[in-house]
Amino acid sequence: MCNNHKSILTRALSVPSAKSPFEQTTIERRDLRPNDILIDIKFCGICHSDIHNAHNDFGNGIFPMVPGHEIVGVVEAVGTEVTKFAFGDRVGVGCFVDSCGECEYCLRGDEQFCTKGVVVVYNSLDYDGNLTYGGFSKKIVVKEDFVVRIPDGLDMDVASPLLCAGITTYSALKHWNAGPGKKVAIVGMGGLGHLAIQFAHAMGAEVTVLSRSMNKKSEALGFGADHYFATSDPATFTALAGRFDLILNTVSANLDVDAYLSMLRVDGTLVNVGLPNEPDKYNVFSLVMSRRSIAGSLVGGIRETQEMLDFAAQHGIAPKIEVIRADQVDEAFERVLRSDVRYRFVIDMSTL
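Criteria and thresholds
Residues numbered from 1 in each chain as written. Predicted model: local features only at pLDDT ≥ 70, side-chain atom pairs only at ≥ 80, totals over all residues. Heavy atoms only, no water. Helix = DSSP H or I, 4+ residues; strand = E, 2+ residues; numbered from the N terminus. Rg over C-alpha atoms; globule rule 2.2 N^0.38 Å. Buried < 20%, exposed > 50% of the residue type's maximum accessible area, 1.4 Å probe, protein only. Contact = heavy atoms within 4.5 Å. Areas by Shrake-Rupley, 256 points an atom, 1.4 Å probe, with all protein chains shown as cover. Lys, Arg positive; Asp, Glu negative; His and termini not counted. Charge placed at Lys NZ, Arg CZ, Asp CG, Glu CD. 1 Å grid on protein atoms, 1.4 Å probe; cavity = no way out; pocket = protein on both sides within 12 Å on 5 of 7 lines; lining within 4 Å. Points joined across faces, edges and corners; volume = space filled by probe spheres on them. Nonpolar A, V, L, I, M, F, W, Y, C, P; charged D, E, K, R; others polar. Pairing = 2+ DSSP bridges. Right-handed = clockwise from strand over helix to strand, strands pointing away. Core = buried A, V, L, I, M, F, W, Y, C linked by side-chain atoms within 4.5 Å. Patch = residues over 30% accessible without salt bridge, like charges linked within 9 Å, V, L, I, M, F, W, Y side chains within 5 Å. Salt bridge = Lys/Arg side-chain N within 4 Å of Asp/Glu carboxyl O. Axes fitted to C-alpha atoms, helices over the stretch in contact; angles between N-to-C directions. Polar contact = N/O pair within 3.5 Å; in protein donor to acceptor, adjacent residues only side chain to side chain. Parallel < 35°, antiparallel > 145°, perpendicular 65-115°, else oblique. Left-handed = near helix turned anticlockwise from the far one by under 90°.

(A) Examining the overall build of the protein chain more closely. Looking only at helices and strands, the protein chain features 11 helices and 17 strands. Taken over C-alpha atoms, the radius of gyration comes to 20 Å for the protein chain, in line with the 20 Å a tight globule of 352 residues would show. Each principal axis of the C-alpha distribution contributes one length, and for the protein chain these read about 65 × 40 × 35 Å. The buried share of the protein chain, taken over its 352 residues, is 54%. Pairs at least 24 apart in sequence give 68% of the contacts found in the protein chain among residues at least 6 apart. As presented, the protein chain carries roughly 15,100 Å² of accessible surface, and 49% of it is formed by carbon and sulfur atoms. Looking at charge distribution, the protein chain has the averaged site of its 33 positive side-chain charges lying 3 Å from that of its 43 negative ones.

(B) Representation of empty space enclosed by the protein within the structure. Going through the model one piece at a time under the given rule, you end up with 2 cavities of 30 Å³ or more. Empty space within the largest cavity amounts to approximately 90 Å³. In terms of lining residues, the largest cavity is bounded by 13 residues, among which Gly94, Cys95, Leu163, Ile302 and Thr305 are the most central. Residue assignment for the lining of the largest cavity shows that the elements contributing at least two residues are β5 (90-93) and α10 (302-315). Classifying every residue of the lining of the largest cavity gives 9 nonpolar, 4 polar and no charged. Around the second largest cavity sit Asn249, Leu255, Val257, Tyr260, Leu270, Asn272 and Asp280, which together line it. Sorting the residues of the lining of the second largest cavity by element identifies α8 (257-261) and β14 (264-272) as the ones contributing at least two each. In the lining of the second largest cavity, the residues fall into 4 nonpolar, 2 polar and 1 charged.

(C) Region of interest: the side chain of Ser49. Its location among the elements puts Ser49 in helix α1 (residues 48-54). Setting aside anything within four residues of it in sequence, one finds Ser49 in contact with His69 and Tyr122.

(D) Looking closely at helix α4 (residues 165-175). Taking burial as the measure, the 11 residues of α4 include 9 buried ones, the bulk of the element. Considered for burial, the residues of α4 that qualify are Ala165, Gly166, Ile167, Thr168, Thr169, Tyr170, Ser171, Ala172 and Leu173. For α4, the elements touching its buried residues are β10 (183-187), α5 (193-203), β13 (244-249), β14, α10 and β17 (344-348). Note on α4: the residue one or two positions beyond its end, Asn177, has a positive phi of about 60 degrees.

(E) Structural context of the pairing of strand β12 (residues 227-230). Residues of β12 alternate between two faces, with Tyr228 and Ala230 buried on one and His227 and Phe229 left unburied on the opposite face. Pairing geometry for strand β11 (residues 206-211) and β12, over 4 bridges, is parallel. Across the sheet, Leu210 pairs through a bridge with Phe229, a residue of β12. Handedness of the crossover joining β11 and β12 through helix α6 (residues 217-223) is recorded here as right-handed.

(F) The nonpolar core, seen in detail. Counting residues in hydrophobic clusters, the biggest one holds 90 residues, and the most contacted among them are Ile46, Phe136, Leu173, Ile197, Phe199 and Val329. Looking at this core, the element that brings in the most residues is α5, giving 6 residues. Every residue in contact with Val329, bar those within four places of it in the chain, is listed here: Leu13, Phe22, Ile46, Phe136, Ile324 and Ile347. Among the nonpolar cores identified, the runner-up in size contains 15 residues, and Ala185, Val187, Phe237 and Phe244 belong to it.

(G) Examining a nonpolar patch on the surface more closely. Where nonpolar side chains cluster on the molecular surface, the patch consists of Tyr282, Val284, Phe285, Val288, Met289 and Ile294 and spans about 620 Å² of accessible area. Following the sequence through the fold, Val284 ends up in the loop between β14 and α9 (285-288). Residue class for Val284 comes out partly exposed when judged on its relative accessible area of 46%.

(H) Examining the sheet that holds β10 more closely. Here we have 6 strands laid out as an open sheet, ordered β12-β11-β10-β13-β14-β15, and parallel in their pairing. This sheet does not close on itself; its edge strands, each paired only once, are β12 and β15 (293-296). Shown here is a sheet whose adjacent strand axes are inclined to one another by a mean of 20 degrees, direction ignored. Across 5 bridges, the pairing between β13 and β14 is parallel. Counted as the bridge partner of Leu246 is Thr269 from β14. Contacts between α4 and the sheet are confined to β10, β13 and β14, with β13 contributing the most and set at about 160 degrees to the helix. Packing of α5 onto the sheet brings it into contact with β10, β11 and β13, and relative to β11 it is tilted by some 165 degrees.

(I) Just the environment of Ser14, in detail. Locating Ser14 in the fold gives a position in strand β1 (residues 8-14). In this view, Ser14 contacts Pro21, Phe22, Glu23, Thr25, Met65 and Val66; residues no more than four positions away in its chain are not counted. Reaching out from Ser14, the side chain makes a polar contact with the side chain of Thr25 at a distance of 3.3 Å.

(J) Examining the packing of α4 against α5 more closely. Remark: α4 packs on α5, axes separated minimally by 9 Å, with the N-to-C direction vectors making an angle of 40 degrees. In this view, α4 runs oblique relative to α5, as classed from their interaxial angle. Like other packed secondary-structure pairs, α4 and α5 cross with a definite hand, here right-handed. Taking contact as the criterion, the partners of Ala165, Gly166, Thr169, Tyr170, Leu173 and Lys174 in α4 are, on α5, Leu195, Ala196, Phe199, Ala200 and Met203. The residue inventory of the contact of α4 with α5, partitioned by class, reads 8 nonpolar, 2 polar and 1 charged.

Below you can see the structure in the form of structure tokens.
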């Protein structure tokens, strides 16, 4: 099915400046190119990084901004050369929408590390110099190579957070070989953490949750955790000294890095996927005495994202979500900052 629009205008939620309330606006999407897909957005998740960007916490905000990078919808139209998708297909779009396709990282399926610079779904300039707008909107146009298929086993609203929170945790766990015989700790029991527990468990690892309090223990065990400890208790760090092969830090706050490094085995790794506002500090002796490592991970490529979705459908992995209306997004941002969500907000875009 081809698109004959002269232009594609669509409703959106945008912030005109840093920390401003959301406004309903109209934005223009590009006309379909031969390899483009027009998606009718049904749901879009809210990620903590959406708040960071809308508040300009990283200092690189381009306004007006339309956030949203956990996009799920239905194909409304396709370009003349599209072969992977057809009208009516259930599809998703994650954090980025273009890359050079030629560098070593793109060729191996790690488009997020494109040497030319990956084009992010929003708050980014595409290769023609146009500002990109995200999924807090009714429609989006994306190259077919950056679209994934939503498996039949996943509901569309539930699939939404997997496009960022899901792939972020899955990719890191897979890269650092979480699996049978490995002891994995998940720091934080929020939007990323509750998915990390499920993925690590399904991969066969022994999973321990490290959370500030004991409040979420029963839920953590329900998600597949084998053990649960409160980091507010200093005895936790003594009891778990030298225990883990991998610690996945999912929180967006600064930690006592040395204390967490002390819980790693020789050759263990602390992997960061949360994004705190301030730099972390640590003592290099915490690394050298046991050949430990500190690392970070950034989502995953398109092939790996599709693999993650299929894995989630196969193993019954799903985020716990709260579906909200478009006029509740400001309130949802405030609640995320108060940690008042279990565990991911998803916007029903039919309400926009």
